[in-house]
Amino acid sequence: MSHRVPPAAPQGSPPLGRFLAFLDYDGTATTRECNEVVLQTLVGDTWRPFEDEVRAGRMGHAECFDRQIGLVTAPRAELLGAMAACAAPAPGLGEFLAAVHAGGGRTVVVSAGFREVIGAVWLRHGLPAVELVASELVGREPDSDCGDRMGGPQRNAGPPYRVAYSPRLGDCPRCGPGSCKAAVLRALRRAGDTVWVFGDGASDLCPAREADLVFARGHLAELCAAEGLPWRPLDFVAALANLDEVAA
Ligand SMILES: [Zn+2]
């Protein structure tokens, strides 16, 4: 493997020391929309009307995913296992992450997806470590006579499910309370940083609005084009080749 990031100077700043890569997970770091694939398998077409509501601007993306996960009646191991099994890293993802790390840059993955799933996929594919901001799958309230024995009862409980979003997400009129990824970007961005946002969905628009450059596909690409944001097609191979644009 070779890349064009210059090696860190023996003294002074690392070349990507002012660079933050801000990545969505499902359909961005992965080749497929695994949540949609798994929902279709487990609940048929019943997840689709919520998606239409988001596209029409009548429902926030966070409420949408929560309602969709609420449809699932499968055991949690089956749900989380199917989501992990579905995932394959996008071409060039590992090399891009490695180059950012080697250059002294930072990468954060910010996702509505489940921490256990993303962690399992990262481990299975030996991907470079990243900061992860993700959700927890919360099951039903534990029965009073068995909750404690299960250990962390809601974290291990079965359906009905809901999505517990990371407390690092922020409030936003567009995304809803405690649902906006841009709050994570603002918390991580330091003065002088260059921020590239990688995404594919409505939940990535708020951080995209604050990015120096967006790598987008799908719905996010449409939204970026409509708003005149600086964007390129989502491609980690191309992103890696262009890292020297931000290298000091
Ligand atoms: Zn927002």
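Rules and cut-offs
Every chain is numbered independently, its residues counted from 1 as its sequence is written. Owing to the predicted nature of the model, reporting of local features is limited to residues with pLDDT of at least 70; listing and counting of side-chain atom pairs is limited to 80 or more, with chain, interface and lining totals taken over all residues. As used throughout, a nonpolar core is a set of buried Ala, Val, Leu, Ile, Met, Phe, Trp, Tyr and Cys residues joined through C-beta atoms within 7 Å of each other. To sort residues by burial, count the other C-beta atoms lying within 10 Å of each one's C-beta; a count of 20 or more means buried, 12 or fewer means exposed, and anything in between means partly exposed. C-beta atoms are built from the backbone. C-beta atoms are placed from the backbone for every residue, and two residues are taken to be in contact when these atoms lie within 7 Å. Helix axes are fitted only over the stretch in contact, all axes being lines through C-alpha atoms; the angle between N-to-C directions runs from 0 to 180 degrees. What counts as a helix is a DSSP run of H or I of at least four residues, what counts as a strand is a run of E of at least two, and both are numbered from the N terminus. Just so you know how the angles are binned, under 35 degrees is roughly parallel, over 145 roughly antiparallel, 65 to 115 roughly perpendicular, and the rest oblique. A clockwise turn of the near helix away from the far one marks a right-handed crossing, whereas an anticlockwise turn of less than a right angle marks a left-handed crossing. Pairing between two strands requires that DSSP report at least two bridges joining them. When the strands point away from the viewer, a crossover counts as right-handed if the route from the first strand across the helix to the second turns clockwise.

The next subject is the nonpolar core. Core analysis: the largest hydrophobic core is formed by 72 residues, its most contacted members being Phe22, Trp196 and Ala216. When sequence neighbours within four positions are dropped, the list of residues in contact with phenylalanine 22 reads Val108, Val110, Leu185, Val195, Trp196, Val197, Phe198 and Pro207.

The next subject is the packing of helix H4 (residues 76-86) against helix H6 (residues 115-124). Two elements in contact, H4 and H6, have axes whose closest approach is 9 Å; the angle formed by their N-to-C orientations is 40°. Taken together, the axis directions place H4 and H6 in an arrangement best described as oblique. The chirality of how H4 crosses H6 is right-handed. Facing H4, whose interface residues are Leu80, Met83 and Ala84, H6 presents Glu116, Val117, Ala120 and Val121.

This brings us to helix H11 (residues 218-227). All buried positions along H11 are accounted for by His219, Leu220, Ala221, Leu223 and Cys224. Buried-residue contacts for H11 involve strand E7 (194-199), helix H10 (205-209), strand E8 (213-216) and strand E9 (231-233).

A word on the pairing of E8. Here 4 bridges tie E7 to E8, and the two strands are oriented parallel to one another. Of the residues in E8, the one forming a bridge with tryptophan 196 is leucine 213. Direction of pairing for E8 relative to E9: parallel, over a ladder of 3 bridges. Within E9, the position partnered with valine 214 by the bridge is tryptophan 231. Between the parallel pair E8 and E9, the chain is carried across by H11, and the sense of this crossover is right-handed.

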